[in-house]
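Per-entry structural report
Chain by chain, the residues:
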Amino acid sequence: MTIFPPGLLPEGLSDRLPPQAEASARLARRVLDTVATHGYERVMPPLAEFEETLTQRLKSMRAQDLLRVVDPVSQRTLAFRPDMTAQAGRIAATRLANAPRPLRLSYAGPVIRLRANQLRPERERLQVGAELIGSDSVAAAVEIVNVAIEALQAAGVTGITIDFTLPDLIDSLAAGPLPLAPDIIEAVRTELDAKDAGALTALGPDAAAYLPLIEATGPFHAAMDRLEAFNARIGGAIDSRIAGLRAIAKPIGWDITLTLDPTERHGFEYQNWFGFSIFAEGFIGEIGRGGSYAIARADGTDEPAMGFSLYPDPLIDAGFGGESPKRLFLPLGHDPVRAADLRREGWQTVAALSEGEDGAAQRCSHWLNGADPTAY
Ligand SMILES: N[C@@H](Cc1c[nH]c[nH+]1)C(=O)O
């Protein structure tokens, strides 16, 4: 039998220790508090569900991304949640089906994926987010993007970039003004993703019609001009998308960098007309994502929704959410009434249990010297 070293954890799973564990909770709290000021109310779905209920609700949530286990009790396959958006959708479609719309829900908790991605080796990540259920309008997008920005700013994040995308653009163009044979749609998507103009042209004239989309990428205003030129060439087929993007961008503060990548689809498996990625200066990869999507109702119809999720772990690693608490050592024989007063004033106290303990070694900045906290 293999003996496991007691400190060994499965690949991609790890502990958060002091002080990061507290920083993580604090950061989640700040985001939840910010979204609460905009009317979003918290739900706490379970860590695992029946695999079917997770995959059914959101179109194209792929079963192969899920970490699954067979439940000995129900004999059914359970899956750890990879994304709480699907669970908020399930709650909205079932237990809160009759709650008035729009329904504003928020959530925070760990999510688990089968495989880590190249940028981050963790399979478990903290996800904090908000979902606006009942609308996927431009007004809903404006609210969601701005609430996401405000939540990050409340957490102390600066240098924010929002990258807009139109996740179902290729599908809708292919079904309308720029027809593509079904067997080349995927190849067109791949080459647009790779921004490989040569390979796109090589797929034939139908595919080459999509070339201008490669150019319509980059800083928002310049990229939008190129997207508009493309739109003019296809008879205004994406007028409403363009108007929508412009309206969403308009109220965003000058301190936020806006970019456009209309064909970006990485991470947008279920979003439809609108998607966005959030980046922060100094961090590789996105720290959040959001967009519009459809939730399947029990009667088979769809309900529109819009939301965002943040993945704050890289921020926590970088020290966001950290605060140096005022930590006070209480020597043996201290005055407990005074200590209680000081706790009410915001001190964290560490009481000696035996003679000869060292408060500084307990990471205390001060010790209680009579009635006065005294710095070490
Ligand atoms: N949950 C999605 C983002 C999202 C929230 N709501 C809509 N989209 C993600 O993590 O990629």
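Owing to the predicted nature of the structure, the values given are computational and were not obtained by experimental measurement.

The rules behind these values
- Residues numbered from 1 in each chain as written.
- Predicted model: local features only at pLDDT ≥ 70, side-chain atom pairs only at ≥ 80, totals over all residues.
- Heavy atoms only, no water.
- Helix = DSSP H or I, 4+ residues; strand = E, 2+ residues; numbered from the N terminus.
- Buried < 20%, exposed > 50% of the residue type's maximum accessible area, 1.4 Å probe, protein only.
- Expected span 1.5 Å × (residues − 1).
- Contact = heavy atoms within 4.5 Å.
- 1 Å grid on protein atoms, 1.4 Å probe; cavity = no way out; pocket = protein on both sides within 12 Å on 5 of 7 lines; lining within 4 Å.
- Points joined across faces, edges and corners; volume = space filled by probe spheres on them.
- Nonpolar A, V, L, I, M, F, W, Y, C, P; charged D, E, K, R; others polar.
- UniProt positions renumbered as here; feature names shortened; annotations may be inferred.
- Polar contact = N/O pair within 3.5 Å; in protein donor to acceptor, adjacent residues only side chain to side chain.
- Near = heavy atom within 4 Å.
- Areas by Shrake-Rupley, 256 points an atom, 1.4 Å probe, with all protein chains shown as cover.

This paragraph deals with unusual backbone geometry. The peptide bond linking Pro18 to Pro19 adopts the cis configuration, its omega dihedral lying at 0 degrees. The residue Pro19 is located in the segment before α1 (20–36) in this model. One non-glycine residue, Arg363, lies in positive phi territory at about 60 degrees. The exposed category is assigned to Arg363, whose relative accessible area is 53%.

Turning to helix α10 (residues 220–233), a few remarks are in order. End to end, α10 covers 20 Å across 14 residues, agreeing with the expected 20 Å (1.5 Å per residue, within 8%). Summarising the contacts, the buried residues of α10 are in contact with β7 (160–165), α5 (169–174), α9 (211–215), β8 (218–219), α11 (239–249) and β9 (257–260).

With that settled, consider the layout of surface pockets. Considering only enclosed or pocket space, the largest pocket measures out at about 1,000 Å³ in volume. Together, 36 residues line the largest pocket, and Arg113, Asn117, His266, Gly267 and Arg289 are the ones closest to its centre. Elements with a contribution of two residues or more to the lining of the largest pocket: β6 (124–133), β11 (288–296) and β12 (302–310). Class assignment of the residues belonging to the lining of the largest pocket gives a composition of 11 nonpolar, 12 polar and 13 charged.

Moving on, we come to the UniProt feature "binding site: L-histidine" (unreviewed entry) in the protein. According to UniProt, the positions carrying the feature "binding site: L-histidine" (unreviewed entry) are Asp83, Met84, Thr85, Arg113, Gln127 and Glu131. Residues from the annotated list that form part of the lining of the largest pocket: Asp83, Thr85, Arg113 and Glu131. With respect to the helices, strands and loops of the structure, Thr85 is situated in helix α3 (residues 84–93). For Thr85, a relative accessible area of 2% corresponds to the buried category. Relative to the helices and strands, Gln127 resides in strand β6. Ignoring anything within four residues of it in the chain, the contact list for Gln127 reads Asp83, Met84, Thr85, Tyr107, Ala108, Gly109, Val111, Ser309, Leu310 and Tyr311. Within the structure, the side chain of Gln127 is placed 2.6 Å from the backbone nitrogen of Met84, a separation counted as a polar contact.

Within the structure, the ligand sits among 15 residues, and Thr85, Glu131, Tyr270, Arg289 and Tyr311 are positioned closest to it. Interatomic distance of 2.8 Å between a side-chain N/O atom of Tyr270 and a nitrogen atom of the ligand. Take Tyr311: an N or O atom from its side chain is 2.4 Å from an oxygen atom of the ligand. When isolated, the ligand has an accessible area of 300 Å², and the protein chains bury 99% of it. Breaking the shell around the ligand down by element, the ones donating at least two residues are β6, β11 and β12. Residue classes in the shell around the ligand are distributed as 4 nonpolar, 8 polar and 3 charged.

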